[in-house]
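A look at the structure
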Amino acid sequence: MEVIHMEAGQILHQRPATLTSDMAASKKDHYDVMISYSWGNKEEDFPCQKRMLKLKKELEETAGLKVWMDVEKMRGNKLRKMSQAVEGSDVILMCTSARYQSSNDCEKEANYADYWEKPLVHLKYDNHKPSSWLGILICNEIYYDVRTDAAMMKNLPEIVKAINEKLPSTGSKGTVSSKPVSKGRVFISYQWADQRRAMKLRDELIQDSYKVLLDIDMMDEGAGTSILEVMANAVENADAVLVLISKRYKSSVNCRAEVSYAYERKVPIIPLKVDADYIPDGWLGFMIGSALYYRVDTDERLSESWPAIRRAIDEKNR
């Protein structure tokens, strides 16, 4: 190893050109990605850690990536383990939050990653606006929303793409496959009283790799566009429409317009019953006809019906 002589008080800023003995020893523990994050609130059973564990599983199982996270192989000196993880990882997934910025350990990890010039992929866990040391590090980084499980799953393909773009072009793994292409686009038509049930369905669909078209998401993305135009575009781009039928749905002018447009354009309609006692009548009964419906009026019913709903969507997609 080259010996560098420095005068008293001189600071060495140059990144090491050769491996230290510690890093040489840990080179066998190579990772594509290291997840850097703050565990979260103990009283809430560490919610950020739970979400990052879910992300780790997705990256490993659907994208074939080798991921390091501080829930394993942490025996011994903590700082040594963290430094080896940074040195041995090609890309750092930095999940920022208010807690992340105030954590001494997170600051050390982030600064050490910057010292080694590791590529960063920025994940945003809460609404905190990075400032101070964290603001300097990531001021020019695009962030990916992971503030909810649904947002994380929705953005997973883009997160994987960002990682792939920053991985070395050569190496033991070569090209890493990204998350499978969406199985299809599903529009959820519902009356607002059943919004929580619609959101539950959205989360299930996203976890199974479907692209979901839901009004509350689309209105955020289509700011400045009329709601009718947004809904029309959703129907036109859908491979199937899930209709959450109830007496309230039948009485809604907007719901009737949505499902009628889907019917007119021959988009497959899959009826889901959110009101166990309601039997479709009138225009809705005519439109649903003899179609098989699935009960989703409770979480238990949704869980029971989910495999059949998924099969129905896939069959309509063929």
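These figures come from a predicted structure and were not determined experimentally.

Focus on helix H2 (residues 47–63)
With 17 residues, H2 extends 23 Å between its outermost C-alpha atoms, agreeing within 8% with the 24 Å of an ideal straight helix rising 1.5 Å per residue. Within the sequence span of H2, burial applies to Cys48, Gln49, Arg51, Met52, Leu55, Lys56, Glu58, Leu59 and Ala63. The inward-facing, buried residues of H2 contact strand S1 (31–36), strand S2 (67–68), strand S3 (89–96), strand S4 (120–124) and helix H7 (149–166). With its phi angle positive at about 70 degrees, Gly64 sits one or two positions after the end of H2.

Looking at the pattern of salt bridges
In the structure shown here, the tally under the stated rule is 12 salt bridges. We note a salt bridge from Arg51 to Asp149, for which the minimum N-O separation is 2.8 Å. Within this pair, whereas Arg51 is found in helix H2, its partner Asp149 is found in helix H7, the two being separated by 98 residues in sequence. With relative accessibility at 13%, the residue Arg51 sits in the buried group. A relative accessible area of 32% places Asp149 in the partly exposed class. Residues joined by salt bridges that share partners form a network here, namely Arg51, Lys54 and Asp149.

Description of the nonpolar core
Core analysis: the largest hydrophobic core is formed by 51 residues, its most contacted members being Met52, Leu93, Leu123 and Ile188. Among the elements that make up this core, the one with the highest residue count is H7 (eight residues). Other than its neighbours up to four places away in sequence, Met52 contacts Ile35, Tyr37, Met69, Cys95, Leu123, Val146 and Met152. One finds Phe187, Val241, Val259 and Trp283 within the second-largest nonpolar core, a separate group that totals 22 residues.

Describing the sheet that holds strand S6 (residues 185–189)
Judged by pairing direction, the sheet is parallel, and its five strands sit side by side in the order S7-S6-S8-S9-S10 without closing on themselves. Looking along the sheet, the strands with just one partner apiece sit at the ends: strand S7 (211–213) and strand S10 (294–295). Summarising the sheet, strand S9 (residues 269–273) and S10 pair through two bridges and their orientation is parallel. Considered in S10, the bridge of Leu272 is made with Tyr294. Contacts between helix H8 (residues 195–207) and the sheet are confined to S6, S7, strand S8 (240–245) and S9, with S6 contributing the most and set at about 170 degrees to the helix.

Considering the pairing of S8
With six of its six residues buried, S8 lies for the most part within the structure. What you see with S8 is no split at all: Ala240, Leu242 and Leu244 on one side and Val241, Val243 and Ile245 on the other are buried throughout. One ladder, built from four bridges, connects S6 with S8; its direction is parallel. Across the sheet, residue Val186 finds its bridge partner in S8, namely Ala240. Alignment of S8 against S9, held across five bridges, turns out to be parallel. Paired with Ile245 across the bridge in S9 is Lys273.

Some details on H8
For H8, which comprises 13 residues, the first-to-last C-alpha distance of 18 Å matches the rise-based estimate of 18 Å (1.5 Å per residue) to within 8%. For H8, the complete set of buried residues consists of Gln195, Arg197, Ala198, Leu201, Arg202, Leu205 and Ile206. Ser209 lies just past H8 and shows a positive phi near 75 degrees.

Looking at unusual backbone geometry
Even without being a glycine, Ser132 presents a positive backbone phi close to 55 degrees. We note that Lys266 has phi near 60 degrees; this positive angle belongs to a residue other than glycine. Within the secondary structure, Lys266 sits in the loop between helix H12 (253–264) and S9. Residue classification places Lys266 among the exposed positions, given a relative accessible area of 73%.

Focus on the packing of aromatic side chains
Considering all chains together, one arrives at four aromatic pairs under this definition. One aromatic cluster is present, built from ring pairs that chain together Tyr112, Tyr115 and Trp116. Above the face of the Tyr31 ring, Lys66 is positioned so that its terminal group lies 4.9 Å from the ring centre. Taking the ring centre of Tyr143 as reference, the NZ or CZ of Lys124 above it sits at 5.2 Å.

A few points about the sheet that holds S3
Backbone-to-backbone hydrogen bonds pair the strands of a sheet. The strands run either parallel or antiparallel. Taken in spatial order, the five strands line up as S2-S1-S3-S4-S5 in an open sheet, and their pairing is parallel. Looking at the sheet topology across the chains shown, the edges are occupied by S2 and strand S5 (143–145). Alignment of S4 against S5, held across three bridges, turns out to be parallel. Along S5, the bridge assignment pairs Lys124 with Asp145. This element, helix H3 (residues 78–88), spans S1, S2 and S3 of the sheet and lies at about 115 degrees to S3.

How each quantity is defined
- Residues numbered from 1 in each chain as written.
- Predicted model: local features only at pLDDT ≥ 70, side-chain atom pairs only at ≥ 80, totals over all residues.
- Heavy atoms only, no water.
- Helix = DSSP H or I, 4+ residues; strand = E, 2+ residues; numbered from the N terminus.
- Expected span 1.5 Å × (residues − 1).
- Buried < 20%, exposed > 50% of the residue type's maximum accessible area, 1.4 Å probe, protein only.
- Contact = heavy atoms within 4.5 Å.
- Salt bridge = Lys/Arg side-chain N within 4 Å of Asp/Glu carboxyl O.
- Core = buried A, V, L, I, M, F, W, Y, C linked by side-chain atoms within 4.5 Å.
- Pairing = 2+ DSSP bridges.
- Axes fitted to C-alpha atoms, helices over the stretch in contact; angles between N-to-C directions.
- Phe/Tyr/Trp six-rings, centres within 6.5 Å; stacked < 30°, edge-to-face > 60°.
- Lys NZ or Arg CZ within 6 Å of the ring centre and 35° of its normal.

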